[in-house]
Amino acid sequence: MAEGLKEIRRRINSVKNIRKITAAMKMVAASKLRRAQHRAEAGRPYAEAVRGVLLRLAENAGVEHPFLMERPVAASLAVMVTSDRGLAGAFNSNINRAGVQLLRGLPGPRVIAVGRKARDFFRRRRYDIVAEYTGIGDEVRFVQAEAIASEVTRHFLQGGCDQVHLVYPQFVNAVTSRPVSVRLLPLAGADLRGGAAGSGEGEYIFEPDAAGVLERLLPHYISVLIYRALLEAKASEFGARMAAMDSATRNAGEVIDRLTLVSFRVRQAAITKEISEIVGGATALQG
Amino acid sequence: MAGVIGVQVVTPERLVWSGPAEMVIARGVEGELGVLPHHAPLITSLLDGAVRIRRPGGTELVIGTKGGFLEVKPDRVTVLADAAEVPEEVAAEFGPQEEEA
């Protein structure tokens, strides 16, 4: 009986230690989330400006570029943006599941895996992984997005795929993210032409010329889209981890409460037993 | 003078500088160009180099830029650089460190 009590106390202590760790991870995730949000915020003016220039190009000059040309789809590529680490609830499996669903409907599916979780997932399922990017780190750099973008565009231009989709978690708020997929290539023409907000700024002058600017701008725009996705994924990851660690911490608290109650009961039982033994012994002596 | 023009210098990672200016001088692929308020709308690719911003009051700010584009609207100039550095920030990073080791 006393052995049982010791065992329970040992378990209480171990759960307490776990709770310390999950509580610390939660706080770390919260502060990283704040930083990630800040970075996402900081990148917005540029993304808007690039998009603005692109829209102006579309309005003022006919846009024609391989990136905008639809072609028969024999092979498709999905860029899957996940995290390297787990302990973030259903965060990664949600994205991977969205990816599988998307790829199921596409001919010739291939994958570029960003983050260890996507790589492992799609490798296990024997998908054709054409490239993988792990070790992005907590602070996404634009050059990382550029590296992915150049791989993607190289593939697209060499005919390795006819369509590229980007699957990533869209950051809704600290505890919610939603997996979304957007078509990266060919760039949806409607995206550019439809958005003709008619800024009414009049004719633009392009130097060297519209085609020249477009030539430089489009690859850049792909990088920007990927960069935004990486930033949102980071913020979402930290948010998901914060939520997961918060509930883990709360669960640990519940386990501790329950075990503590059990330990009291066991202790009380032991005492009662000892008393009854003593009383029994005394009665026997008197007899 | 015909007033001022709003200037914004942005890179993918951040907003580097924004404020009013009397004139902006940048190195476009077709040559150096100076932009005054009410300039015709223009979009140009930029060469590596410096964007010079003449601020109201006569001081000039030089921002080092790499690649990118310049968009001009009558009331607004946006420099979209791949990377950009403001002198004070460079000085803070590489200059003599005064406080603590």
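The model shown is predicted, which means the values in this text are computed figures rather than measured ones. (Residues numbered from 1 in each chain as written. Chains lettered and ligands numbered in written order. Predicted model: local features only at pLDDT ≥ 70, side-chain atom pairs only at ≥ 80, totals over all residues. Heavy atoms only, no water.)

K.L.:
Explain the packing of aromatic side chains to me, using residue names and the numbers behind them.
P.N.:
Under the counting rule described, the total for this entry stands at 5 aromatic pairs over all chains. Measuring from centroid to centroid gives 6.2 Å for A:Y204 and A:F206, while their planes differ by 25°, and the two rings are stacked. Residue A:Y204 is classed as buried on the basis of its relative accessible area of 7%. Take A:F206: its relative accessible area is 13%, and that puts it in the buried class. Members of the aromatic cluster, each reached through a chain of ring pairs, are A:F121, A:F122 and A:Y127. If you follow A:R71 out to its NZ or CZ, it ends over the ring of A:F156, 4.2 Å from the centre. Above the plane of the ring of B:F69 lies A:R216, whose end atom (NZ or CZ) is 5.3 Å from the centre. (Phe/Tyr/Trp six-rings, centres within 6.5 Å; stacked < 30°, edge-to-face > 60°. Buried < 20%, exposed > 50% of the residue type's maximum accessible area, 1.4 Å probe, protein only. Lys NZ or Arg CZ within 6 Å of the ring centre and 35° of its normal.)

K.L.:
Break down the pattern of salt bridges for me, citing the residues and quoting the values.
P.N.:
All names here are of chain A. Using the criterion set out here, one finds 21 salt bridges over all chains in the structure. For E139, the salt bridge goes to R35, with nearest N and O atoms at 3.1 Å. With a gap of 104 residues between them, E139 in the loop between strand 3 (128–133) and helix 5 (142–157) and R35 in helix 1 (residues 2–42) connect regions that are remote in the sequence. Where E132 meets R123, a salt bridge forms, and the shortest distance between an N and an O atom there is 3.3 Å. The class of E132 is partly exposed, set by a relative accessible area of 36%. When its relative accessible area of 46% is taken as the criterion, R123 is described as partly exposed. A network of salt bridges, in which partner residues are shared, links R119, D120, R123 and E132. (Salt bridge = Lys/Arg side-chain N within 4 Å of Asp/Glu carboxyl O. Helix = DSSP H or I, 4+ residues; strand = E, 2+ residues; numbered from the N terminus.)

K.L.:
Can you lay out a positive patch on the surface for me, pointing to particular residues and giving the numbers?
P.N.:
Residues and elements named next belong to chain A. Side chains of R85, R116, K117, R124 and R125 sit close together on the surface and give a patch of like positive charge. Along the polypeptide, R124 turns up in helix 4 (residues 116–124). With a relative accessible area of 58%, R124 lands in the exposed category. (Patch = residues over 30% accessible without salt bridge, like charges linked within 9 Å, V, L, I, M, F, W, Y side chains within 5 Å. Areas by Shrake-Rupley, 256 points an atom, 1.4 Å probe, with all protein chains shown as cover. Lys, Arg positive; Asp, Glu negative; His and termini not counted. Charge placed at Lys NZ, Arg CZ, Asp CG, Glu CD.)

K.L.:
How would you explain the packing of helix 3 (residues 91–104) of chain A against helix 4 of chain A if you had to name every residue and give the values?
P.N.:
Residues and elements named next belong to chain A. Two elements in contact, helix 3 and helix 4, have axes whose closest approach is 10 Å; the angle formed by their N-to-C orientations is 50°. One way to sum up the angle between helix 3 and helix 4 is to call them oblique. Our pair here, helix 3 against helix 4, has a crossing hand that is right-handed. Along the contact surface, helix 3 presents N92, N96, G99, V100 and L103, while helix 4 presents K117, A118, F121 and F122. Residue classes in the contact of helix 3 with helix 4 are distributed as 5 nonpolar, 3 polar and 1 charged. (Axes fitted to C-alpha atoms, helices over the stretch in contact; angles between N-to-C directions. Parallel < 35°, antiparallel > 145°, perpendicular 65-115°, else oblique. Left-handed = near helix turned anticlockwise from the far one by under 90°. Contact = heavy atoms within 4.5 Å. Nonpolar A, V, L, I, M, F, W, Y, C, P; charged D, E, K, R; others polar.)

K.L.:
Describe in detail helix 5 of chain A, supporting the description with residues and values.
P.N.:
Residues and elements named next belong to chain A. If you check helix 5, its first and last C-alpha atoms are 22 Å apart, about what 16 residues at 1.5 Å a residue would give, namely 22 Å. Buried within helix 5 we find F142, A145, I148, A149, E151, V152, T153, H155 and F156. Buried positions along helix 5 lie against strand 1 (76–81), strand 2 (109–114), strand 3, strand 4 (163–173), strand 5 (176–185) and helix 7 (210–286). One or two residues past the end of helix 5 sits G159, with phi positive at roughly 85°. (Expected span 1.5 Å × (residues − 1).)

K.L.:
Describe the domain arrangement of chain A, and please don't skip the residues or the numbers.
P.N.:
When the domains of chain A are assigned, the result is domain 1 (2–22 + 245–286) and domain 2 (30–243). Using only C-alpha atoms to locate each centre, domain 1 of chain A and domain 2 of chain A end up separated by 54 Å. (Domains from an automatic or database assignment.)

K.L.:
Now, about a nonpolar patch on the surface: what can you tell me, with residues and values included?
P.N.:
A surface patch of nonpolar side chains, about 240 Å² in accessible area, is lined by A:I271, A:I275 and A:V279. With respect to the helices, strands and loops of the structure, A:I275 is situated in helix 7.

K.L.:
Describe the interface of chain A and chain B, listing the residues and the values that go with them.
P.N.:
The interface is formed by 24 residues belonging to chain A together with 28 residues belonging to chain B. With both chains or domains summed, chain A and chain B bury close to 2200 Å², and 61% of this area falls on carbon and sulfur atoms. Taken as a group, A:Y46, A:E207 and A:R216 account for 30% of the area that chain A buries against chain B, more than any other trio of residues on that side. The tally of links from chain A across to chain B stands at 2 salt bridges. Applying the counting criterion to the chain A and chain B interface returns 11 residue pairs in polar contact (both at pLDDT 80 or more). Elements with a minimum of two residues in the side of chain A that touches chain B: helix 1, helix 2 (44–60), strand 6 (205–207) and helix 7 of chain A. (Buried area = accessible area lost by both parts, 1.4 Å probe. Polar contact = N/O pair within 3.5 Å; in protein donor to acceptor, adjacent residues only side chain to side chain.)

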